[in-house]
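So the chains spell out like this:
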Amino acid sequence: MARWCYRHRLVVLLLWVGALLGLGAAASAAGTDYANVFSLPDTDSKRAYDLMEKAFPDRAGDTDTVVWKVDGGTVRDQAVRARIEPALEKIGGMKGVGGVTSPYTGAQGAAQISEDGRIAYAQVTFAEQANAVPKELVQSVVDTAQGAERAGLRVDLGGQAIQRVQEPPTGLAEMVGILAAAVVLFLAFGSLFAMLLPIGIAIFGVGTGLFSTQLISHVTDVPDLAPLLATLIGLGVGIDYALFIVTRHRRGILRGADPEESAVTALNTSGRAVLFAGGTVCIALAGMLVTNLRFLDGVVIGTSLTVVFSVLAAVTLLPALLGFLGPRVLSRRQRRRLAAEGGREPESASGLAARWSAGVQKRPRTIAAMAVVVMAVLALPVLSLRLGATDQGNDDATTTTRKAYDLLAEGFGPGFNGPLQVVSSGGDTDALVRNIRATDGVARVAALPPAGGVTVIQVVPTTSPQSEKTDRLIDALRDRAIPDAGVQAHVGGVTAISKDFSSVTGDRLPLFIATIIGLGFLLLMVAFRSLVVPLTAAVMNLIAAAASFGVLVAIFQWGWGLDLLGLGKQGPINAFLPVIMLSLLFGLSMDYQVFLVSRMHEEWVHTRDNARAVRVGLAETSRVINSAALIMVCVFLAFVLSGDSGAAMAGVGLAAAVALDAFILRTALVPAAMHLLGNSNWWLPAGLDKRLPHLAVEPAEEPVPVPVPAQGRGATAVHGFVRDATGEPLDGAVVTLLSKGGRQLDRVTSLADGSYIVSVPAPGTYLLAATAPSYAARAGHVLVGGEPLVHDVELTEDEVDAVN
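Residues numbered from 1 in each chain as written. Predicted model: local features only at pLDDT ≥ 70, side-chain atom pairs only at ≥ 80, totals over all residues. Heavy atoms only, no water.

Some details on the overall build of the chain
What counts, and what does not: Each helix is a run of DSSP H or I of at least 4 residues and each strand a run of E of at least 2, with the numbering of both proceeding from the N terminus. Any two residues whose heavy atoms approach within 4.5 Å are treated as being in contact. We score Asp and Glu as negative and Lys and Arg as positive, and we do not count His or the chain ends. In plain terms, the charge of a residue is placed at NZ if it is Lys, CZ if Arg, CG if Asp and CD if Glu.
Looking only at helices and strands, the chain features 25 helices and 18 strands. Its C-alpha atoms give the chain principal-axis dimensions of roughly 115 × 55 × 45 Å. Restricting to contacts in the chain with at least 6 residues of sequence separation, those with at least 24 account for 76%. Separation of charge centres in the chain, based on 63 positive and 70 negative side chains, amounts to 4 Å.

Written as structure tokens, this is what we have:
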């Protein structure tokens, strides 16, 4: 497939451009139909909402606030009322607004004015929940209310629906992430064309994925969170997958291969790993389905589609683009050096990656211990993890929602920003009100007029919505105040919904983690024919998750560095974050594990030398894995600029997770552990090996031609001498002949004079490996013709062998 795409590059490019433009045109014509269907069945807050919807169909929607403050006088002054009341009447008459409760009507309204008379608020109740209220209606409410402002009179608005229209323009975070990725790619490649390749692949993958998701939103429920997450993951994996393939392709050209053959080899090695890695990401994303939180189904669809298109672009469009570039995928300096050296760079073991790889082999226990200590220290804060919901106090200080939040807290106390709704459907309501008023942590209680046998009691806590004391108040109302009054009642409201969501998420998190860990284990076991490699990967994933959440807790829950980052005030970790973040983290961690171990496994199959396999695999992949991780970190951190506290929290958490996973786990702890485990890394019971399907991450072995002896010639063979660097013969060196696919064909031991001879079944290309105690192993390809080939091998002590 890679060769076909390379040779028919114009056709492939036109097909992709046509697909992108066609999907874009269809999506633009159809428009968006994102539906934020959020439901928590079998929870107390959901029962409260259902009762309100039945008794107050126009008041079961989102309740937002218009709050105003005067610099002098009071809000009761006629000049203030003359500006505010017409605006409230106009808002109340808008289609989609269930009602407006003004502070200027009745005794209840008097409670909506602060004690000093300088701050007042009105409640605007929409007919729908916040996510379903049209943004055009919300913007009209905002414009009408703020139109009443004058000198000395401030008007701001708060609430869930208002917050949706205050979100900053999209695209800034994505652009910053792409620019940062471009810088990293240019530093890694030194070539403008090579830098543009991964970015182009990511744009095609994300573009087709987002347009497809937009079209699918017309036939199933897809939340508007899905495009943001799809962009986040799509940019990361699209750039990374192309980076892995382009790096392998450039290495092939530098080793003297023809550009077409180099591209085919790159796709047949790194391309296979990309297919496999993309599958693991989709499996990790699909793990969200086991939480039974139905609003996440659309997130799974959108993100998985984007990953699939990114993989398809990497394995079809990328080889076509490589065909257009040819040798220009290298920098000018590399091309000049290549020409000066006869079209092939000498293989070299120099470089930081090779030295680090050799260092890990020499001191695996020390490096493993240091890595474990670092990760354990970072993971300690996770012991105090508290799930919840950020509120508008975390918004940017310039937004109207943050200003309204601060005004309400100033005038009516911090708990006013998270009122509870106790919905009663029968029993002594007066007794319930008395019990609620007597409960610790309650600032104010007000029962609204009943309708249809349902009474709504507004409860204002003394503490903020994010406070643990508010959570305890909800428990006290449900466990004591309501049962003691002998009534049928439920506690609802945004704060109660957030608490119930946190509880549901926490209860289902273990099943979710077990599912994605188990599926990842099975996939790696099939791919690498090992029990130890997938077990190591599972443990490393758990360590990475614990450490990344420890960083989140330290920053966002404890407040370390929040002022420096400009991310608002400390509070609980968003309840939705663990499910989404763990899905992405496990998928990306599996990517790095696949790319690292697939190269090790390839070397293991060829040489059966675990130390060499781990050393070569780490030396060849660590640099590209670290570059890929740095790109991911840049993309994720860019979402701090989105202005949304939830997106900022997800960006920081994922950036920390990827950095720790790549720079500490995959570069240090995983190879150190594999050195310590030795050949047991590749152990798989024979009975299980027979029953497992074969799924090769490395290219399939080419069939060995049937030998046809030449007339009058002896058997084809490779022979020569094994010597050390001084020319002395090595007795007892093991020389192995393998097929290109890694199957052992012959194995001999050198004689006292260092001589050896291995039988070759037919002319062709083979891999010849030589090992001896206290010497570095050597492996290289030999081309055998019709005559026996003379091939001497030199082994050296204490030297990192060349990797290619």
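A word on the environment of Y405
The residue Y405 is located in helix 16 (residues 400-412) in this model. For Y405, the contacting residues outside a window of four places in its chain are D391, Q392, G393, N417, S464, P465 and K569.

So, helix 11 (residues 259-286)
Heads up, the rule is: The length a helix should cover is 1.5 Å for every residue beyond the first. Bend angle per residue: angle between axes fitted to the 7 residues ending at that residue and the 7 residues starting there. Per-residue accessibility, obtained with a 1.4 Å probe over protein chains only, is compared with the maximum for each type, and a residue is labelled buried under 20%, exposed over 50%, and partly exposed between these values.
If you check helix 11, its first and last C-alpha atoms are 38 Å apart, about what 28 residues at 1.5 Å a residue would give, namely 40 Å. The largest bend in helix 11 is about 35 degrees, located at S270. Burial analysis of helix 11 places 20 of its 28 residues in the buried class, which makes it a mostly covered element.

Description of the packing of helix 2 (residues 9-30) against helix 12 (residues 297-325)
The geometry of a pair of packed helices is captured by two quantities: the angle between their axes and the separation between those axes. The condition is simple: Here the axes come from fitting lines to C-alpha atoms, over the contacting stretch only for helices, and the angles between their N-to-C directions go from 0 to 180 degrees. If an angle is under 35 degrees, it is roughly parallel; if it is over 145, roughly antiparallel; if it lies from 65 to 115, roughly perpendicular; otherwise it is oblique. Take the far helix as the reference: if the near one is turned anticlockwise from it by less than a right angle, the crossing is left-handed, and if turned clockwise, right-handed. Note that Gly is not counted as nonpolar here; it falls among the polar residues with everything else outside the nonpolar set of Ala, Val, Leu, Ile, Met, Phe, Trp, Tyr, Cys and Pro and the charged set of Asp, Glu, Lys and Arg.
Interaxial distance between helix 2 and helix 12 falls to 8 Å at its minimum, and their mutual angle equals 140 degrees. In terms of orientation, helix 2 and helix 12 fall into the oblique class. The handedness of the crossing between helix 2 and helix 12 comes out as left-handed. Contacts between helix 2 and helix 12 involve R9, L10, V12, L13 and W16 on the former and, on the latter, F309, L312, A313, T316, L317, A320, L321, G323 and F324. Residue composition of the contact of helix 2 with helix 12, grouped by class: 11 nonpolar, two polar and one charged.

Observations regarding the sheet that holds strand 12 (residues 734-738)
Where strands meet in a sheet, backbone hydrogen bonds hold them as pairs that are either parallel or antiparallel. Inclusion rule: Two strands are counted as paired when DSSP detects at least two bridges linking them.
Across the sheet, four strands lie side by side as 13-12-15-16; this open sheet has antiparallel pairing. Only two strands of the sheet have a single neighbouring strand rather than two, namely strand 13 (744-749) and strand 16 (778-784). Shown here is a sheet whose adjacent strand axes are inclined to one another by a mean of 20 degrees, direction ignored.

Here we look at the nonpolar core
Formally: Remark: nonpolar core denotes a set of buried residues (Ala, Val, Leu, Ile, Met, Phe, Trp, Tyr, Cys) joined through side-chain atoms within 4.5 Å.
Counting 147 residues, the largest nonpolar core has Y241, M288, Y592 and F636 as the members making the most contacts within it. Among residues more than four places away in sequence, those in contact with M288 are L296, V299, V300, F512, V579, I580 and S583. V66, V70, F126 and A148 belong to the second largest nonpolar core, which has 30 residues in total.

Looking at the pattern of salt bridges
Note the following rule: Salt bridges, as used here, are contacts in which a Lys or Arg side-chain nitrogen is within 4 Å of a carboxyl oxygen on Asp or Glu.
Counting across every chain of the model gives 17 salt bridges. The salt bridge involving R7 is made with E260; its shortest N-O contact spans 2.7 Å. Residue R7 is found in helix 1 (residues 2-7), and its partner E260 is found in helix 11; the two are separated by 253 residues along the sequence. Of the residues examined, R7 reaches a relative accessible area of 53% and is grouped as exposed. Among the residues examined, E260 registers a relative accessible area of 15% and is labelled buried.

Some details on helix 9 (residues 192-216)
We apply this condition: Pairing of N or O atoms within 3.5 Å defines a polar contact, subject to two protein rules: one partner must be a possible hydrogen donor and the other a possible acceptor, and residues neighboring in sequence count only if both atoms are side-chain atoms.
For helix 9, spanning 25 residues, the distance from its first C-alpha to its last is 36 Å, which sits close to the expected 36 Å at 1.5 Å a residue. Regarding helix 9, its N-cap is S191, as a side-chain oxygen of that residue lies 3.5 Å from the backbone nitrogen of F193 further along.

Comments concerning the sheet that holds strand 1 (residues 63-70)
One open sheet holds the four strands; their spatial order is 2-3-1-4, and the pairing between them is antiparallel. Of all strands in the sheet, those with a lone pairing partner are strand 2 (97-101) and strand 4 (153-158), marking the two edges. Put simply, the sheet's adjacent strands are angled 20 degrees from each other on average, direction ignored. Pairing geometry for strand 1 and strand 4, over six bridges, is antiparallel. Opposite V70, over in strand 4, you have L153 as the bridge partner. Running at roughly 165 degrees to strand 4, helix 6 (residues 135-146) makes contact with strand 1, strand 2, strand 3 (119-126) and strand 4 of the sheet. Taken strand by strand, helix 16 contacts strand 1, strand 3 and strand 4, and its axis lies near 105 degrees from that of strand 4.

Some details on the packing of aromatic side chains
Stated precisely, the cut-off is as follows: What counts as a ring pair is set by centres within 6.5 Å for rings of Phe, Tyr and Trp (its six-membered ring), and what kind of pair is set by the plane angle: stacked under 30 degrees, edge-to-face over 60, tilted for all other angles. Here, a charge over a ring is recorded when the distance from Lys NZ or Arg CZ to the ring centre is within 6 Å and its angle to the ring normal is within 35 degrees.
On inspection of all chains with the given rule, the structure shows eight aromatic pairs. Among the aromatic residues, ring-to-ring pairing joins Y121, F412 and F416 into one connected group. One cation-aromatic arrangement involves R9 over Y6; the distance from NZ or CZ to the ring centre is 5.4 Å. Above the face of the F193 ring, R328 is positioned so that its terminal group lies 5.6 Å from the ring centre.

Quick notes on the pairing of strand 3
Among the eight residues that make up strand 3, eight are buried, leaving the element largely enclosed by the rest of the structure. Burial along strand 3 is two-sided: the face carrying I119, Y121, Q123 and T125 and the face carrying A120, A122, V124 and F126 are both buried. As paired strands, strand 1 and strand 3 are joined by seven bridges and run antiparallel to one another. Looking at the pairing, D64 lines up with V124 of strand 3.

Thoughts on the packing of helix 10 (residues 225-254) against helix 12
Helix 12 packs onto helix 10 with a crossing angle of 25 degrees between their chain directions and a minimal axis gap of 8 Å. By the angle between their directions, the pair helix 10 and helix 12 is classed as roughly parallel. Seen along the crossing, helix 10 lies across helix 12 with a hand that is right-handed. When its residues are assigned to classes, the contact of helix 10 with helix 12 shows 16 nonpolar, eight polar and no charged.

Remarks on unusual backbone geometry
The phi torsion at R529 lies on the positive side, around 50 degrees, for a residue other than glycine. By the secondary structure assignment, R529 is in the loop between helix 19 (494-528) and helix 20 (532-557).

What to know about the environment of M540
Secondary-structure assignment places M540 in helix 20. Among the residues examined, M540 registers a relative accessible area of 6% and is labelled buried. In the structure, M540 is positioned 72 residues away from E468 in sequence and 32 Å away in space, judged by C-alpha atoms. Residues contacting M540, with those up to four places away along its chain left out, are L665, R666, L669 and V670.

So, the side chain of S627
With respect to the helices and strands, the residue S627 is situated in helix 23 (residues 610-637). For S627, a relative accessible area of 15% gives the class buried. With sequence-adjacent residues up to four places away left out, S627 is seen in contact with V184, A188 and L243.

Describing a nonpolar patch on the surface
So the rule is basically this: Like charges within 9 Å and nonpolar side chains (Val, Leu, Ile, Met, Phe, Trp, Tyr) within 5 Å are joined into patches, using only residues over 30% in relative accessible area that form no salt bridge. Only the protein chains shown count as cover for residues, and all accessible areas are computed by the Shrake-Rupley method using a 1.4 Å probe.
Taken together, V183, F186, L187, L192, F193 and L196 make up a surface patch of nonpolar side chains, about 590 Å² in accessible area. Broken down by secondary-structure element, the contributors of at least two residues to the nonpolar patch are helix 8 (172-189) and helix 9. Mapping L187 onto the fold places it in helix 8. Here L187 falls in the exposed class, since its relative accessible area comes to 67%.

Examining the environment of E410
You can see E410 is positioned in helix 16. Distance in space between the C-alpha atoms of E410 and W356 is 57 Å, their sequence separation being 54 residues. Setting aside residues no more than four positions away along its own chain, E410 makes contact with K69 and I119.

With respect to the side chain of S424
Within the fold, S424 resides in strand 6 (residues 420-426). Overall, S424 belongs to the buried group, its relative accessible area being 2%. Those residues in contact with S424 that sit more than four places away from it in its chain are T429, L432, G453, V454, T455, V487, Q488 and A489.

Thoughts on the confidence of the model for the chain
The condition is simple: For every residue, the predictor reports its confidence as pLDDT, a number between 0 and 100.
Chain-level statistics for the chain give a pLDDT mean of 84 and a share of 91% at 70 or above. Per-residue pLDDT, averaged within each element of the chain, yields its smallest value for helix 5 (residues 106-110) (71) and its largest for helix 15 (residues 364-379) (95). Confidence drops under a pLDDT of 50 for residues 701-714, and excluding neighbours within four residues, the segment shows 14 contacts in the predicted structure. Low pLDDT (under 50) marks residues 799-804, which in the prediction has 24 contacts with non-local residues, meaning those over four places away or in another chain.

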